[in-house]
Amino acid sequence: MTKGDEHDHGGRADSGIPTTVRVAGAIVTLEGLAGVGTAVVLIVRALTGHDQSVASGVGTAMWFIALFGGVLAAGIALLRGKRWGRAIAVIAQILLLPVAWSLLTDSHQPVYGTLLAVVALGGLAALFAPASSRWMAQDYGELPEER
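The numbering scheme is per chain: residues are counted from 1 as the chain's sequence reads. The predicted nature of this model means local features are confined to residues of pLDDT at least 70 and side-chain atom pairs, given and counted, to a pLDDT of 80 or more, with totals for whole chains, interfaces and linings taken over all residues. Side-chain numbers come from the whole structure's heavy atoms, not from hydrogens or water.

Novice: So what's going on with the overall build of the chain? Which residues, and what values?
Specialist: In terms of regular secondary structure, the chain is built from 5 helices and 0 strands. Beginning at the N terminus, the succession of helices and strands in the chain can be written as α-α-α-α-α. Summary of the burial criterion: residues with accessible area below 20% of their type's maximum are buried, those above 50% are exposed, and those between are partly exposed, where the area comes from a 1.4 Å probe applied to protein chains only. For the chain, with 147 residues in total, the buried portion stands at 30%. Contacts are residue-level and defined by heavy atoms, with any inter-residue pair within 4.5 Å sufficient. Looking at the chain alone, contacts between residues at least 24 apart form 60% of all its contacts between residues at least 6 apart. In these tables, accessible area is a Shrake-Rupley quantity obtained with a 1.4 Å probe, and a residue counts as shielded only by the protein chains included in the view. Counting only carbon and sulfur atoms, one obtains 66% of the accessible surface of the chain, whose full area is about 9,400 Å². To qualify as a helix, a DSSP run of H or I must reach at least 4 residues; to qualify as a strand, a run of E must reach at least 2; elements of each kind are numbered from the N terminus.

Structural data, given as structure tokens:
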């Protein structure tokens, strides 16, 4: 960044975090909240006797808390400008694509499958947008000059 670029935000929020990173952070945070919320529902259902086995409902909930708790942490990290959140966010989006495919095909839930695919692809697009990639590369030395 040159001295002349100091005042040019170029699609960035005032804090220097690109808008695309903030969008990705919001998407990933909402995914994490959905997963953790599902875990809470599973625990409540297990404790109130709605499930066949309390261990199964609670066990599944613990997996959801572990997995989606990490996704939630990654989303919050991206919103706060922490670069480590991007790796977890990318993996989460990639893992959600086969889930979307399963919803579209085997589960016969085209609406949910389409919505999940659009969200996951949107998250990936935001995570790999040029502004996001430049932001990620800042700590790795000088960037090559753009042509």
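Now that the structure is up, let's keep going.
Novice: Explain the packing of helix α1 (residues 19-47) against helix α4 (residues 110-127) to me, using residue names and the numbers behind them.
Specialist: The packing of two helices is summarised by the inter-axis angle and the distance between the axes. In contact at an axis separation of 8 Å, α1 and α4 are set at 145 degrees when each is read in the N-to-C sense. As for the relative orientation of α1 and α4, their crossing is left-handed in sense. Here T20, V23, A24, I27 and E31 of α1 lie close against α4, whose contacting residues are V119, G122, G123, A126 and L127. Put simply, Ala, Val, Leu, Ile, Met, Phe, Trp, Tyr, Cys and Pro go in the nonpolar bin, Asp, Glu, Lys and Arg in the charged bin, and everything else, Gly too, in the polar bin. Tallied by class, residues from the contact of α1 with α4 come to 6 nonpolar, 3 polar and 1 charged. To get an axis, a line is fitted to the C-alpha atoms, and for a helix only the part in contact is used. The angle between two axes follows their N-to-C directions and goes from 0 to 180 degrees. In this scheme the crossing of two helices becomes right-handed for a clockwise turn of the near helix relative to the far one and left-handed for an anticlockwise turn of less than a right angle.

Novice: Describe unusual backbone geometry, listing the residues and the values that go with them.
Specialist: Positive phi values are uncommon outside glycine, yet H108 reaches one of about 55 degrees. You can see H108 is positioned in the loop between α3 (85-104) and α4. For H108, a relative accessible area of 63% puts it in the exposed group.

Novice: Kindly report on the environment of G59, identifying the contributing residues and their values.
Specialist: Note that G59 resides in helix α2 (residues 54-79). Exposure remark for G59: the relative accessible area of 29% places this residue in the partly exposed category. Between the C-alpha atom of G59 and that of A46, which follows or precedes it by 13 residues, the distance is 9.8 Å.

Novice: Describe in detail α3, supporting the description with residues and values.
Specialist: The terminal C-alpha atoms of α3, which comprises 20 residues, lie 29 Å apart, in line with the 28 Å expected from a rise of 1.5 Å per residue. Turning to α3, its buried residues number three or more, namely G85, R86, A89, V90, A92, Q93, L96 and A100. Looking straight down α3, one finds that the buried residues subtend no more than 160 degrees of arc, so they occupy a single side. Exposed residues pointing more than 90 degrees away from the buried face of α3 are listed as I91, L95 and W101. Given the number of residues in a helix, its expected span is that number minus one, multiplied by 1.5 Å. When we speak of the arc, we mean the arc of directions from the helix axis to the C-beta atoms.

Novice: Tell me about the UniProt feature "transmembrane region" (unreviewed entry) in the chain, and name the residues and values.
Specialist: UniProt positions are given in the numbering used here, feature names are shortened, and annotations may be inferred rather than shown by experiment. According to UniProt, the positions carrying the feature "transmembrane region" (unreviewed entry) are residues 21-48, 60-79, 86-104 and 110-129. Between the C-alpha atoms that bound residues 21-48 the distance is 40 Å, and the span itself is 96% helix and 0% strand. From the first C-alpha to the last, residues 110-129 spans 28 Å; its make-up is 90% helix and 0% strand.

Novice: Mind laying out a nonpolar patch on the surface, listing which residues take part and the relevant values?
Specialist: Any residue with relative accessible area above 30% and no salt bridge may belong to a patch, with like charges joined within 9 Å and the nonpolar Val, Leu, Ile, Met, Phe, Trp and Tyr side chains within 5 Å. Any carboxyl oxygen of Asp or Glu within 4 Å of a side-chain nitrogen of Lys or Arg constitutes a salt bridge here. On the surface, a cluster of nonpolar side chains totalling about 340 Å² of accessible area is made up of V111, Y112 and L115. Residue classification places V111 among the exposed positions, given a relative accessible area of 57%.

Novice: Just give me the short version of the packing of aromatic side chains, but keep the residues and values in it.
Specialist: Here the distance between the centres and the angle between the planes together describe a pair of aromatic rings. The criterion for an aromatic pair is that two Phe, Tyr or Trp rings (for Trp, the six-membered ring) have centres within 6.5 Å, with stacked assigned to planes under 30 degrees apart, edge-to-face to planes over 60 apart and tilted to the rest. According to the stated counting rule, one finds 1 aromatic pair in the structure shown. In our convention, an over-ring charge means Lys NZ or Arg CZ found within 6 Å of a ring centre and within 35 degrees of that ring's normal. The cationic tip of R83 hangs over the ring face of W135; the distance from NZ or CZ to the ring centre is 4.5 Å. Between R86 and the ring centre of F128, over which it is positioned, the NZ or CZ distance is 4.7 Å.

Novice: Give a detailed account of the nonpolar core, specifying residues and quantitative values.
Specialist: By convention a nonpolar core is built from buried Ala, Val, Leu, Ile, Met, Phe, Trp, Tyr and Cys residues, the set being connected through side-chain atoms within 4.5 Å. The biggest cluster of nonpolar side chains holds 15 residues, and the ones touching the most others in it are V21, A24, V28, L78, A89, L127 and W135. Residue assignment for this core shows that the elements contributing at least two residues are α1, α2, α3, α4 and α5 (130-137). Once you skip the residues sitting within four places of it in the chain, V21 turns out to touch L78, S132 and W135. Of all hydrophobic cores here, the second largest spans 5 residues; its members include L96, A100, L116 and A120.

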